[in-house]
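The primary structure of each chain is shown beneath.
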Amino acid sequence: MSQSSIRLEINAPFGEIILNKPGKRNALSVDMWAAIPELIQRVVAADAVKVVILHGGDAGAFAAGADISEFSTIYSTPEAAAQSGETIAAALNAIEHCPKPVIAAIDGACVGGGMSLAMAADLRVAGEGARFGITPAKLGIVYPAGDMRRLVTAIGASRTKDILFTARIFDVAEANALGLLNRVVGKGEALAGARELGEAVAANSQWSVRAIKEMVAGVEAGWEDTSPEAAALFVAGFSSEDFVEGYSSFLEKRPAKFTFK
């Protein structure tokens, strides 16, 4: 893989993971997927990073799908297919379980693997003119379980079946109506919109933001009101320095200066 095909840029408070294969509209190759877990490790380790942004750089697309030119090799045998699937799943799991919030900034095509990547993020900002689709039914294959779970969680089983059964390409308006998006901005402005959203997230207590992400994941996994994990996470907040700073700044009528990294 050319190192320029996917890279990390740290511009505090953001760590930006940038897809950059413009000749193929950022079609995702297996070695691009393989690079993602290490990039996530780097943003987690970087104290300056509060929010991770995934975007397509100057390619004019977020990601137009998988790099189909690889299919005859990476899916040539059941063993090869399983290995490739594990590589892709590891990348998506790294994004989903990143303790720091992840925002996908979507301009242009967001299809197939691009949709998988976007749905692994916590939030999605799309520019007018973006196009979406999940097309395994056009290739005679099935969407992986992890991708299916994320999609069903976001929009429900019936809408998921509609998208997958028809394998159609749809626009921003429908993506927003389905519940796939958090923000819609002007054409070509998804990255600016994601940064604006990220600034709002970065301004708050990062202890709280990460605990919220953990609590949401726990509730999705079946935590109940009385689950000990949920109770422990709730109580832990009252021992954090951010909590003291939060209520002190409120009483003193000044902006909070949170210190958790």
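Since we're looking at a predicted model, the values are computed, not measured.

Calculation criteria
- Residues numbered from 1 in each chain as written.
- Predicted model: local features only at pLDDT ≥ 70, side-chain atom pairs only at ≥ 80, totals over all residues.
- Heavy atoms only, no water.
- Helix = DSSP H or I, 4+ residues; strand = E, 2+ residues; numbered from the N terminus.
- Polar contact = N/O pair within 3.5 Å; in protein donor to acceptor, adjacent residues only side chain to side chain.
- Core = buried A, V, L, I, M, F, W, Y, C linked by side-chain atoms within 4.5 Å.
- Buried < 20%, exposed > 50% of the residue type's maximum accessible area, 1.4 Å probe, protein only.
- Contact = heavy atoms within 4.5 Å.
- Pairing = 2+ DSSP bridges.
- Axes fitted to C-alpha atoms, helices over the stretch in contact; angles between N-to-C directions.
- Expected span 1.5 Å × (residues − 1).
- Patch = residues over 30% accessible without salt bridge, like charges linked within 9 Å, V, L, I, M, F, W, Y side chains within 5 Å.
- Areas by Shrake-Rupley, 256 points an atom, 1.4 Å probe, with all protein chains shown as cover.
- Salt bridge = Lys/Arg side-chain N within 4 Å of Asp/Glu carboxyl O.
- Phe/Tyr/Trp six-rings, centres within 6.5 Å; stacked < 30°, edge-to-face > 60°.
- Left-handed = near helix turned anticlockwise from the far one by under 90°.
- Nonpolar A, V, L, I, M, F, W, Y, C, P; charged D, E, K, R; others polar.

1. Details of the environment of Y143
With respect to the helices and strands, Y143 occurs in the loop between β7 (131-133) and α5 (145-155). Taking C-alpha positions, Y143 is 25 Å from G129, a pair spaced 14 residues apart along the chain. Side-chain polar atoms of Y143 contact the side chain of S116, separated by 3.2 Å.

2. Focus on the nonpolar core
F62, I106, L117, F132 and L180 are the most contacted members of the largest nonpolar core, which has 49 residues in total. Here the element with the most residues in this core is helix α1 (residues 30-45); it accounts for 7 residues. Excluding its chain neighbours within four sequence positions, the residues that come into contact with I106 are F62, A118, R124, V125, A126, G127, A130, F132 and A190.

3. Quick notes on unusual backbone geometry
For the peptide bond that leads from A12 to P13, omega is 10°, which places it in the cis range. Following the sequence through the fold, P13 ends up in the loop between β1 (6-11) and β2 (14-19). Even without being glycine, R25 reaches a positive phi, approximately 50°. Relative to the helices and strands, R25 resides in the loop between β2 and α1.

4. A closer look at the sheet that holds β7
As summarised here, the arrangement of the 3 strands in space is β5-β7-β8, forming an open sheet in which the pairing is mixed. Each edge of the open sheet is held by one strand with a lone partner, namely β5 (109-111) and β8 (170-171). With 2 bridges connecting them, β7 and β8 associate as antiparallel partners. Bridge assignment links R131 to a residue of β8, and that residue is D171. Most of the contacts of helix α4 (residues 113-120) go to β5, to which it runs at about 90°, and overall it touches β5 and β7.

5. Notes on helix α8 (residues 190-202)
Its 13 residues place the ends of α8 18 Å apart at the C-alpha level, agreeing with the 18 Å of an ideal helix rising 1.5 Å per residue. Listing the buried residues of α8 in full gives A190, L191, G193, A194, L197, G198, V201 and A202.

6. Re the sheet that holds β2
What the 6 strands build is an open sheet, ordered β1-β2-β3-β4-β6-β9; its pairing is mixed. Of all strands in the sheet, those with a lone pairing partner are β1 and β9 (183-185), marking the two edges. Averaged over all neighbouring strand pairs, the angle between strand axes comes to 20°, with direction disregarded.

7. Section: a nonpolar patch on the surface
Taken together, the side chains of F234, V235, F238, F243, V244, Y247, F250 and L251 define a hydrophobic patch exposed on the protein surface, amounting to about 870 Å² of accessible area. Among the elements of the structure, α10 (228-236) and α11 (241-251) are those that each provide at least two residues to the nonpolar patch. Residue contributions to the nonpolar patch peak at 5 residues, all from α11. Of note, F238 is situated in the loop between α10 and α11.

8. Here's the deal with the packing of aromatic side chains
Using the criterion set out here, one finds 5 aromatic pairs in the structure. Ring centres of F132 and F170 lie 6.0 Å apart, and the angle between their planes is 20°; this geometry places the pair in the stacked category. Of this pair, F132 sits in strand β7 while F170 is found in strand β8, placing the two residues 38 residues apart along the sequence. Judged on exposure class, the residue F132 and its partner F170 are both buried. With a centroid separation of 5.1 Å and 65° between ring planes, the pair formed by F243 and Y247 is classed as edge-to-face.

9. Details of the pattern of salt bridges
One pass over the full model with this rule turns up 12 salt bridges. Among the ionic pairs, R150 bridges to D147, the shortest N-O distance being 3.8 Å. Of the two residues, R150 and D147 are both situated in helix α5; the distance of 3 residues between them amounts to about one turn of the helix. You'll find R150 and D147 in the same group, each marked buried. Two residues, R254 and E252, come together in a salt bridge whose shortest N-O distance is 2.6 Å. Judged by its relative accessible area of 29%, R254 is partly exposed. Taken together, the salt bridges that share partners define one network made up of E96, D147, R149 and R150.

10. Some words on the packing of α1 against helix α3 (residues 78-96)
Where α1 contacts α3, the two axes come as close as 8 Å, and the packing angle between them is 35°. Crossing handedness for the pair α1 and α3: left-handed. On α3, the residues that touch V30, W33, A34, I36, P37 and I40 of α1 are S84, T87, I88, A90, A91, L92, A94 and I95. Broken down by class, the residue content of the contact of α1 with α3 amounts to 12 nonpolar, 2 polar and no charged.

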